[in-house]
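# Breakdown of the fold
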Amino acid sequence: MFTGIVTAIGTIREATQKGDLRAVITCPWDPADIGIGASIACSGTCLTVVDRGGVAGDAWFAVDISGETVSRTPAGRWTVDTPLNLEPALRLGDELGGHIVTGHVDGVGQVVAVSPVGDSRHIGIAAPRELAPYIAAKGSITVDGVSLTVNAVEDQSDGTCHFALNIIPHTWEVTTLGRLAPGNEVNLEIDVLARYLQRMNSLRG
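Below, the structure is looked at part by part. (Residues numbered from 1 in each chain as written. Predicted model: local features only at pLDDT ≥ 70, side-chain atom pairs only at ≥ 80, totals over all residues. Heavy atoms only, no water.)

## Some details on the sheet that holds strand S1 (residues 8-18)
Strand order in the closed barrel made by the 6 strands is S1-S2-S5-S4-S3-S6, with antiparallel pairing throughout. The sheet shows a mean angle of 45° between the axes of neighbouring strands, direction not considered. Taken together, the 6 bridges between strand S4 (residues 45-55) and strand S5 (residues 58-65) define a ladder with antiparallel strand orientation. Residue pairing in the sheet places Val-55 in a bridge with Asp-58 of S5. (Pairing = 2+ DSSP bridges. Helix = DSSP H or I, 4+ residues; strand = E, 2+ residues; numbered from the N terminus. Axes fitted to C-alpha atoms, helices over the stretch in contact; angles between N-to-C directions.)

## Examining the side chain of Ser-120
Tracing the chain through its elements places Ser-120 in strand S8 (residues 120-127). Filtering out sequence-adjacent residues up to four positions away, Ser-120 remains in contact with Ser-115, Asn-166, Ile-167, Ile-168 and Pro-169. (Contact = heavy atoms within 4.5 Å.)

## Considerations on a nonpolar patch on the surface
On the surface, Met-1, Leu-90 and Ile-100 cluster together into a nonpolar patch covering about 260 Å² of accessible area. With respect to the element layout, Met-1 can be found in the segment before S1. (Patch = residues over 30% accessible without salt bridge, like charges linked within 9 Å, V, L, I, M, F, W, Y side chains within 5 Å. Areas by Shrake-Rupley, 256 points an atom, 1.4 Å probe, with all protein chains shown as cover. Salt bridge = Lys/Arg side-chain N within 4 Å of Asp/Glu carboxyl O.)

## Thoughts on the pattern of salt bridges
Taken as a whole and judged by the stated rule, the model has 4 salt bridges. A salt bridge links Arg-72 to Glu-68, with the nearest nitrogen and oxygen atoms 2.4 Å apart. Take Glu-68: its relative accessible area is 46%, and that puts it in the partly exposed class. (Buried < 20%, exposed > 50% of the residue type's maximum accessible area, 1.4 Å probe, protein only.)

## Here's the deal with the pairing of strand S9 (residues 140-143)
Consecutive side chains along a regular strand alternate between the two faces of the sheet. The pairing of S9 with strand S10 (residues 146-155) spans 4 bridges and is antiparallel. Along S10, the bridge assignment pairs Ser-140 with Thr-149. In sequence, S9 turns back onto S10 through a hairpin of 2 residues, with Asp-144 there showing a positive phi of about 50°. Judged from the 3 bridges that link them, S9 and strand S12 (residues 185-190) form a sheet pairing that is antiparallel. Within S12, the residue paired with Thr-142 across the bridge is Glu-189.

## Quick notes on the nonpolar core
Ranked by size, the top nonpolar core spans 23 residues in total, and within it Ile-125, Ile-135, Ile-141, Val-143, Phe-163, Leu-165 and Leu-188 carry the most contacts. Of all the secondary structure elements, the ones that give two or more residues to this core are S8, S9, S10, strand S11 (161-167) and S12. The greatest single-element share of this core, amounting to 4 residues, is contributed by S11. When near neighbours in sequence (up to four residues on either side) are disregarded, Ile-125 contacts Gly-109, Gln-110, Val-111, Val-112, Val-143, Cys-161, His-162, Phe-163, Leu-165 and Val-186. (Core = buried A, V, L, I, M, F, W, Y, C linked by side-chain atoms within 4.5 Å.)

## Quick word on the side chain of Thr-102
Locating Thr-102 in the fold gives a position in the loop between strand S6 (83-88) and strand S7 (107-117). You can call Thr-102 buried: its relative accessible area is 19%. At 3.2 Å, the side chain of Thr-102 and the backbone nitrogen of His-104 are in polar contact. (Polar contact = N/O pair within 3.5 Å; in protein donor to acceptor, adjacent residues only side chain to side chain.)

## Considerations on empty space enclosed by the protein
Sizing a probe to match a water molecule and rolling it over the atoms shows the empty space that remains. Tallied over the entire structure, the rule returns 1 cavity of 30 Å³ or more. Considered as a void within the structure, the largest cavity measures approximately 30 Å³ in volume. Lining the largest cavity are Val-6, Ala-41, Cys-42, Ser-43, Gly-44, Asn-85, Leu-86, Glu-87, Asp-144 and Gly-145. For the lining of the largest cavity, the elements supplying multiple residues, two or more each, are strand S3 (39-42) and S6. A total of 3 residues in the lining of the largest cavity trace back to one element, the largest contributor, which is S6. (1 Å grid on protein atoms, 1.4 Å probe; cavity = no way out; pocket = protein on both sides within 12 Å on 5 of 7 lines; lining within 4 Å. Points joined across faces, edges and corners; volume = space filled by probe spheres on them.)

See below:
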């Protein structure tokens, strides 16, 4: 379980295909604080630590990424030098600063617009048809592991939707969202509460 509050940006140092994909990710943490078997959200994807090392401030950890995970995340996401938003799993007593995030990617969205609005940035994202019913104005969504609030939603004639986000300067600077440009793909996780409400409504119908 996560909150969508990114604590660091990591970078893929190695990516080796041996059955599953093994990725080594550098991070500015203390390796003593990274437990073998621990869960870390990597740009919104929950992965399990299988090895770790380095020194405090210049650590690394290794994860195995299944073919299923690779197929459900943006093309090229798991290549060397790719930056990743990192968040360790929520611990009992931690502040729930964002919203409840599972680290299970529901789909891939595509950035359609990035523009400045005051000191912030306005980002427009196209979401696939299967996720459109779960996205609502003022609702929560996770984009590449970052907990965000949806500003507006525009339904499209093909059943997909475009939704708008406002990214404040701090979030723009301390996450990979500051590197987004039109055409980029992003991991999307819908609000878990929206998922259950949609399921209950479908059973009621």
